[in-house]
Amino acid sequence: AAAPVVQSYASLYGTTPTLMKPGYITALLGSTQLLSALCTKYFNTFDADSNGVLELDEVTRLAQELYESLEAPPADASLIRESLSEWISSQGGDSLTLPQFAEWFEA
């Protein structure tokens, strides 16, 4: 059976996360243009209500998908949510704009 993160992603987007290969990850880290394009793609994909910001639930789902696409060990959703909640609060709000998301994504 698929991991719960994959099932959740699949039910939302009709597909499973695409695994990122090491060479692609290296290219991302070496290219601000490529990283910016990926941030925009993820932001738009996970902005479920298309309101121009990512709320905590949307960012949590996105972070879970990133763990899966990087083939990282499954992370506890509550720990992801707690960490993201603290980071979002430190930005002075309860959601992330695209520039704030890009800053978090690159961190």
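Quantities reported herein were computed from a predicted structural model and do not represent experimental measurements.

**Thoughts on the overall build of the protein chain**
Reasoning step 1: Within the protein chain, the regular secondary structure consists of six helices and two strands.
Reasoning step 2: Listing every helix and strand of the protein chain by position from the N terminus yields α-α-α-β-α-α-β-α.
Reasoning step 3: A total of 107 residues make up the protein chain; the buried ones form 33% of that total.
Reasoning step 4: A fraction of 55% describes how many contacts in the protein chain between residues 6 or more apart in sequence connect residues 24 or more apart.

**Considerations on the packing of helix α4 (residues 56–69) against helix α6 (residues 98–106)**
When two helices pack together, their arrangement is given by the angle between their axes and by how far apart the axes lie.
Reasoning step 1: Close contact between α4 and α6 brings their axes to 13 Å; oriented N to C, the two are set at 30°. By the criterion of interaxial angle, the relationship of α4 to α6 is roughly parallel. Seen along the crossing, α4 lies across α6 with a hand that is right-handed. On α6, the residues that touch V59, L62, A63 and L66 of α4 are F101, W104 and F105.
Reasoning step 2: The class makeup of the residues in the contact of α4 with α6 is seven nonpolar, no polar and no charged.

**Quick look at the confidence of the model for the protein chain**
Reasoning step 1: In the predicted model, the protein chain carries a mean pLDDT of 75, and 71% of its residues have values of at least 70.
Reasoning step 2: Confidence, read as mean pLDDT per element, is least for helix α1 (residues 4–13) in the protein chain (43) and greatest for strand β1 (residues 54–55) (90).
Reasoning step 3: Taken together, the stretch residues 1–13 has pLDDT below 50 and engages in 18 contacts with residues farther than four places along the chain or on a different chain.

**Concerning α6**
Reasoning step 1: Every buried residue belonging to α6 is among Q100, F101, A102, W104 and F105, and all of these are buried.
Reasoning step 2: If you follow the buried residues of α6, they end up packed against α3 (32–46), β1, α4, α5 (77–90) and β2 (95–96).

**Some thoughts on the side chain of D47**
Reasoning step 1: Note that D47 resides in the loop between α3 and β1.
Reasoning step 2: For the buried D47, no salt bridge exists, and the shortest N-O distance to an oppositely charged side chain is 8.4 Å, to R61.
Reasoning step 3: A polar contact of 2.8 Å, which involves the side chain of D47, links it to the backbone nitrogen of G52.
Reasoning step 4: Apart from the residues within four sequence positions on either side, D47 is in contact with G52, V53, L54 and E58.

**Re the pattern of salt bridges**
Reasoning step 1: One pass over the structure, following the stated rule, counts one salt bridge.
Reasoning step 2: Residues R81 and D57 are paired through a salt bridge, measuring 2.4 Å at the closest nitrogen-oxygen approach. Of this pair, R81 sits in helix α5 while D57 sits in helix α4, placing them 24 residues apart in sequence.
Reasoning step 3: Exposure remark for D57: the relative accessible area of 42% places this residue in the partly exposed category.

**What to know about the environment of G93**
Reasoning step 1: Among the secondary structure elements, G93 is positioned in the loop between α5 and β2.
Reasoning step 2: Look at G93 and you get partly exposed, because its relative accessible area is 35%.
Reasoning step 3: A C-alpha to C-alpha distance of 9.8 Å links G93 and E55, two positions 38 residues apart in sequence.

What counts and how
Residues numbered from 1 in each chain as written. Predicted model: local features only at pLDDT ≥ 70, side-chain atom pairs only at ≥ 80, totals over all residues. Heavy atoms only, no water. Helix = DSSP H or I, 4+ residues; strand = E, 2+ residues; numbered from the N terminus. Buried < 20%, exposed > 50% of the residue type's maximum accessible area, 1.4 Å probe, protein only. Contact = heavy atoms within 4.5 Å. Axes fitted to C-alpha atoms, helices over the stretch in contact; angles between N-to-C directions. Parallel < 35°, antiparallel > 145°, perpendicular 65-115°, else oblique. Left-handed = near helix turned anticlockwise from the far one by under 90°. Nonpolar A, V, L, I, M, F, W, Y, C, P; charged D, E, K, R; others polar. pLDDT = per-residue confidence, 0-100. Lys, Arg positive; Asp, Glu negative; His and termini not counted. Salt bridge = Lys/Arg side-chain N within 4 Å of Asp/Glu carboxyl O. Polar contact = N/O pair within 3.5 Å; in protein donor to acceptor, adjacent residues only side chain to side chain.

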